[in-house]
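Close look at the chain arrangement
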Amino acid sequence: MARNLRQNKILDLISTYEIEKQEDLVAYLKKENFDITQATISRDIKELGLIKVMTANKKYKYAYVEDNETEVNKKYKTIFKEAVLSIHIINNSVILKTIKCLASSINSFIDKLGIENVLGSVFGDDTVNIIFDSNATANVGFNALNKIYYSN
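Heads up: these notes are all about the structure in this document.

Thresholds applied
- Residues numbered from 1 in each chain as written.
- Predicted model: local features only at pLDDT ≥ 70, side-chain atom pairs only at ≥ 80, totals over all residues.
- Heavy atoms only, no water.
- Helix = DSSP H or I, 4+ residues; strand = E, 2+ residues; numbered from the N terminus.
- Buried < 20%, exposed > 50% of the residue type's maximum accessible area, 1.4 Å probe, protein only.
- Contact = heavy atoms within 4.5 Å.
- Salt bridge = Lys/Arg side-chain N within 4 Å of Asp/Glu carboxyl O.
- Axes fitted to C-alpha atoms, helices over the stretch in contact; angles between N-to-C directions.
- Parallel < 35°, antiparallel > 145°, perpendicular 65-115°, else oblique.
- Nonpolar A, V, L, I, M, F, W, Y, C, P; charged D, E, K, R; others polar.
- Patch = residues over 30% accessible without salt bridge, like charges linked within 9 Å, V, L, I, M, F, W, Y side chains within 5 Å.
- Areas by Shrake-Rupley, 256 points an atom, 1.4 Å probe, with all protein chains shown as cover.
- Pairing = 2+ DSSP bridges.
- 1 Å grid on protein atoms, 1.4 Å probe; cavity = no way out; pocket = protein on both sides within 12 Å on 5 of 7 lines; lining within 4 Å.
- Points joined across faces, edges and corners; volume = space filled by probe spheres on them.

A word on the overall build of the protein chain
Helices and strands together make up the secondary structure of the protein chain, namely six helices and six strands. Sequence-ordered secondary structure for the protein chain, helices as α and strands as β, is α-α-α-β-β-α-β-β-α-β-β-α. By its C-alpha atoms, the protein chain is 50 × 30 × 30 Å across when sized along the principal axes. Expressed as a percentage of its 152 residues, the buried residues of the protein chain come to 34%. When contacts within the protein chain are restricted to residue pairs at least 6 apart in sequence, those whose partners lie at least 24 apart make up 52%.

Here it is as structure tokens:
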């Protein structure tokens, strides 16, 4: 019962406020008298299928994904795994080699993922270069893309 109530409150909060970080969500829930930890919020986010989307202010916020969008995301992930030939990290950039003519589609998918700390990306015919604000955040992005690439 408490989990359902908490998760319903999370959905209410993300539809009302532009919540960027898990810590912000914890703070909002504590204001609503929920005694919550960041680890629990992390599990709730995963169970609810929340993703980060870009706002009009060019910031990211949590959003709920409808079931039909989840199916589209699964298809994008399948395309990603089929079209990407390799993923490399060089300093603050992640470079993806793709099948010829598919870099644009892969770049679009990566934009939809809402990976944090991306300064921008450029693509050619068979290469996508994602530029991060630091080497450390590039490593996080690299790991996130590898997780998709090697997932079942």
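With respect to the pattern of salt bridges
For the structure shown, the criterion picks out seven salt bridges. Between Asp125 and Lys100 there is a salt bridge; the shortest N-O distance is 3.4 Å. Here the residue Asp125 occupies a position in the loop between strand 5 (118–123) and strand 6 (127–132), and Lys100 occupies one in the loop between strand 4 (93–98) and helix 5 (103–113), the gap between them amounting to 25 residues. Taking relative accessible area as the criterion, Asp125 reaches 36% and is therefore assigned partly exposed. Salt bridges here are not isolated pairs; linked through shared partners, they connect Lys9, Asp12 and Glu32.

Observations concerning the packing of helix 2 (residues 22–31) against helix 3 (residues 38–48)
Contact geometry for helix 2 and helix 3: axes closest at 10 Å, N-to-C directions at 105°. When the interaxial angle is binned, helix 2 and helix 3 end up roughly perpendicular. Touching Gln22, Leu25, Val26 and Leu29 of helix 2 are Gln38, Ile41, Ser42 and Ile45, all from helix 3. Residue classes in the contact of helix 2 with helix 3 are distributed as five nonpolar, three polar and no charged.

With respect to a nonpolar patch on the surface
A surface patch of nonpolar side chains, about 240 Å² in accessible area, is lined by Leu85, Ile99 and Leu102. Structurally, Leu85 can be placed in strand 3 (residues 84–90).

With respect to the pairing of strand 5
Pairing between strand 5 and strand 6: five bridges, direction antiparallel. Residue pairing in the sheet places Phe123 in a bridge with Val128 of strand 6. Linking strand 5 to strand 6, which pair antiparallel, is a turn of three residues.

Let's talk about the sheet that holds strand 5
Across the sheet, four strands lie side by side as 3-4-6-5; this open sheet has antiparallel pairing. Where the open sheet ends on each side, the last strands, each with one partner, are strand 3 and strand 5. Pairs of neighbouring strands in the sheet enclose a mean axial angle of 15°, with direction left out of account. Against the sheet, helix 5 contacts strand 3, strand 4, strand 5 and strand 6, and its axis sits at roughly 30° relative to strand 6. Contacts from helix 6 (residues 135–149) reach strand 3, strand 4 and strand 6 within the one sheet, and its direction differs from that of strand 3 by about 160°.

Overview of the layout of surface pockets
Estimated volume of the second largest pocket: approximately 180 Å³. Along the walls of the second largest pocket sit Glu20, Lys21, Lys52, Lys59, Tyr60, Ile115, Glu116, Asn117 and Val118, which together make up its complete lining. Looking at the lining of the second largest pocket residue by residue, the classes come out as three nonpolar, one polar and five charged.

What about the packing of helix 1 (residues 2–16) against helix 3?
Look at helix 1 against helix 3: their axes get within 11 Å of each other, and the N-to-C directions meet at 75°. Overall, the two elements helix 1 and helix 3 adopt an arrangement that is roughly perpendicular. Contact with helix 1, carried on its side by Arg3, Arg6, Gln7, Ile10 and Leu11, involves Thr40, Ile41, Asp44, Glu47 and Leu48 of helix 3 and no other residues of that element. Grouping the constituent residues of the contact of helix 1 with helix 3 by class yields four nonpolar, two polar and four charged.

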